[in-house]
Amino acid sequence: MSRRLAEVARKVGVSEATVSRVLNGKPGVSDATRQQVLTALDVLGYERPTKLRGERARLVGLVLPELQNPIFPAFGEVLSVGLAQNGYTPVLCTQTVGGVSEADYIELLLQQRVSGVIFAGGDYQRAETPHDHYERLADLHLPTVFINAPVDGLGFATVSCDDAVAAELSVRHLLQLGHTSIGFVVGPSDHVPSRRKLAAARRVLAEAGAAPAVVAESGYSLEAGQAAATRLFAQGVTAVVCASDPLALGAVRAARRAGLSVPGDVSVIGFDDSALMNCTEPPLTTARQPIEPMGRMAVELLLAQINGTERPADEFLFEPELVVRSSTGRLKEPATIL
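Every value quoted in this text rests on a predicted model; they were computed, and no experiment measured them. Here the residue numbers are simple positions, counted from 1 along each chain's written sequence. For a predicted model such as this one, the threshold for reporting local features is a pLDDT of at least 70, and the threshold for listing and counting side-chain atom pairs is 80 or more; totals across whole chains, interfaces and linings nevertheless cover every residue. Side-chain numbers come from the whole structure's heavy atoms, not from hydrogens or water.

Colleague: A description of the overall build of the protein should follow, citing residues and the corresponding values.
Modeller: When helices and strands are counted, the protein shows twelve helices and twelve strands. Taken along the three principal axes of its C-alpha coordinates, the protein extends 100 × 35 × 35 Å. Whether a residue is buried, partly exposed or exposed follows from its accessible area with a 1.4 Å probe, protein chains only, as a fraction of its type maximum: under 20%, in between, or over 50%, in that order. In the protein, which comprises 338 residues, the proportion classed as buried is 50%. Any two residues whose heavy atoms approach within 4.5 Å at even a single point are treated as in contact. Within the protein, counting contacts between residues at least 6 apart in sequence, those at least 24 apart form 71% of the total. In DSSP terms, a helix is any run of H or I states spanning at least four residues, a strand is any run of E spanning at least two, and both are numbered starting from the N terminus.

Colleague: Quick one: what's the story with the sheet that holds strand S8 (residues 239-242), residue by residue and with numbers?
Modeller: Taken in spatial order, the six strands line up as S7-S6-S8-S9-S10-S12 in an open sheet, and their pairing is mixed. Here the strands that pair on one side only, and so sit at the sheet edges, are strand S7 (214-217) and strand S12 (321-323). The average undirected angle you get between the axes of adjacent strands in this sheet is 20 degrees. Sheet topology places strand S10 (residues 285-288) next to S12; three bridges connect them, and they run antiparallel. Within the sheet, the bridge partner assigned to Arg288 lies in S12 and is Glu321. Each of strand S6 (182-186), S8, strand S9 (267-272), S10 and S12 touches helix H8 (residues 163-176); the most contacted strand, S9, lies at about 160 degrees to it. Contacts from helix H9 (residues 192-208) reach S6, S7 and S9 within the one sheet, and its direction differs from that of S6 by about 170 degrees. Two strands qualify as a pair provided DSSP detects at least 2 bridges between them. Only the stretch in contact is used when fitting a helix axis, every axis being a line fitted to C-alpha atoms; angles between N-to-C directions are given from 0 to 180 degrees.

Colleague: Provide a residue-level description of the pairing of strand S3 (residues 116-119), including the pertinent values.
Modeller: Burial of S3 is two-sided: the residues Gly116 and Ile118 facing one way and the residues Val117 and Phe119 facing the other way are all buried. Both strand S1 (residues 59-64) and S3 contribute to a ladder of four bridges, which runs parallel. By the bridge assignment for S3, Val63 is matched with Phe119. Of the pairings in the sheet, the one linking S3 to strand S4 (residues 144-147) comprises three bridges and is parallel in character. Note that in S4 the partner of Phe119 across the bridge is Phe146. On the question of chirality, the crossover connecting S3 to the parallel S4 by way of helix H7 (residues 132-140) is right-handed. Assignment of crossover handedness uses the view with strands pointing away from the viewer, where a clockwise path from the first strand over the helix to the second indicates a right-handed crossover.

Colleague: Before we move on, can you summarise H7 with the specific residues and values?
Modeller: Within H7, the full set of buried residues consists of His133, Tyr134, Arg136, Leu137 and Ala138. A positive phi of about 55 degrees marks His141, the residue just after H7.

Colleague: So what's going on with the state of the cysteines? Which residues, and what values?
Modeller: Put simply, a disulfide is two cysteine sulfurs that come within 2.5 Å. In total, this model carries zero disulfides according to the counting rule given. With no disulfide of its own, Cys161 lies 16 Å from the sulfur of Cys242, the closest cysteine sulfur.

Colleague: Explain the pattern of salt bridges to me, and be specific about the residues and the numbers.
Modeller: Every case where a carboxyl oxygen of Asp or Glu lies within 4 Å of a side-chain nitrogen of Lys or Arg is listed as a salt bridge. Applying the stated criterion across every chain yields a total of twelve salt bridges. Across the pair Arg126 and Asp190 runs a salt bridge whose closest N-O atoms are separated by 2.4 Å. Of this pair, Arg126 sits in the loop between S3 and H7 while Asp190 sits in the loop between S6 and H9, and the two are 64 residues apart along the sequence. Ionic pairing is found between Arg203 and Glu168, a salt bridge with its closest N-O pair at 2.1 Å. With Arg203 in helix H9 and Glu168 in helix H8, this pair connects stretches of sequence that are 35 residues apart. Where salt bridges share partners, they join Asp273, Arg288, Glu321 and Arg325 into one cluster.

Colleague: Any chance you could break down the packing of aromatic side chains for me, citing the residues and the numbers?
Modeller: Under the pairing criterion, centres of Phe, Tyr and Trp rings, with the six-membered ring standing for Trp, must be within 6.5 Å; the plane angle then separates stacked pairs below 30 degrees from edge-to-face pairs above 60, leaving the rest tilted. On inspection of all chains with the given rule, the structure shows seven aromatic pairs. Residues Tyr134 and Phe146 carry aromatic rings whose centres are separated by 5.3 Å and whose planes lie at 75 degrees to one another, so their mutual orientation is edge-to-face. Taken together, the residues Tyr134 in helix H7 and Phe146 in strand S4 connect sequence positions twelve residues apart. Measuring from centroid to centroid gives 5.1 Å for Phe146 and Phe156, while their planes differ by 65 degrees, and the two rings are edge-to-face. With Phe146 in strand S4 and Phe156 in the loop between S4 and strand S5 (157-161), this residue pair connects regions lying ten residues apart in the sequence. Just as Phe146 is buried, Phe156 falls in that class too. We note Arg58 situated over the ring of Tyr88; from NZ or CZ to the ring centre the distance is 4.1 Å. Placement of a positive charge over a ring is assigned whenever Lys NZ or Arg CZ falls within 6 Å of the ring centre and within 35 degrees of the normal to the ring plane. Looking at Lys197, its charged tip hangs above the ring of Phe271, at a distance of 3.9 Å from the centre.

Colleague: Talk me through the pairing of S5; I want residue IDs and the actual numbers.
Modeller: Of all five residues that make up S5, five are buried, and the element is covered over most of its length. Residues Ala157, Val159 and Cys161 of S5 are buried on one face, and the alternating residues Thr158 and Ser160, pointing to the opposite face, are buried as well. In terms of strand pairing, S5 meets strand S11 (residues 315-318) through four bridges, oriented parallel. Bridge pairing in S11 places Ser160 opposite Leu317.

Take a look at the structure:
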């Protein structure tokens, strides 16, 4: 207790006696100083005394990893509408390279006394990254929902697109088209959705007696996808399955830079079916995430926690659909010499 008083007093610039008066609800402290002390408690990670907690604001944090990939604004829109319809105001938090970290955003949201947080992609998808800030949310029992990857051991409700089904649909489609040398552009080795996709793809390829998967790890930008696919095409793959639509568009660009046509020489499949993928050249074959029902479920799970329902630790899986367009085609037969 004395350590807490000292830390808060230093943070605010007041005496420990003043902090003690605030914590015990005693008079003789200005409203401004009282609020500074309470805010310092939140920032330093200390629980407010029960009688000082008050009502949480009707705010919900929406933490997105970026806005350049159209899938994240699409999730943000569905989630925002669902929250607004239930009387909650979304607070959008997006990460940028060198900008505010996810852990920092959590601190800011806690200062705002948010009622809960929904994460649609982020650090939790990396199995080997620190999860301390998520553990803090669990310790505070703050209603929290993850989208597209669970965090083991924390018991958060999770809504996911079934990565295994997406990979199976993509690989089986390419095998039916005659492709047996298939490459995969995925995230880092500890990226949970990528691990799930690769495990399913390798199983399908083994069952079909096809060559093992050729894998290139990548960041999630179009440029990173282009670089990864360039390496795969140099190894002779005739089809590439990508972990996102921007990666797939990078693979199409890589094929053209290598003098290959899509789908004449190589086939490309994306993941998400984000906005305008039917307007690219060629229109992109991709595994579609069911964004609307996933978003509605995420909001429903969060509201249930806010309203006092026991927090579910389950992962709710939604099946994707393979949308076949013009970026995949039958493997070109070698020319016959007469």
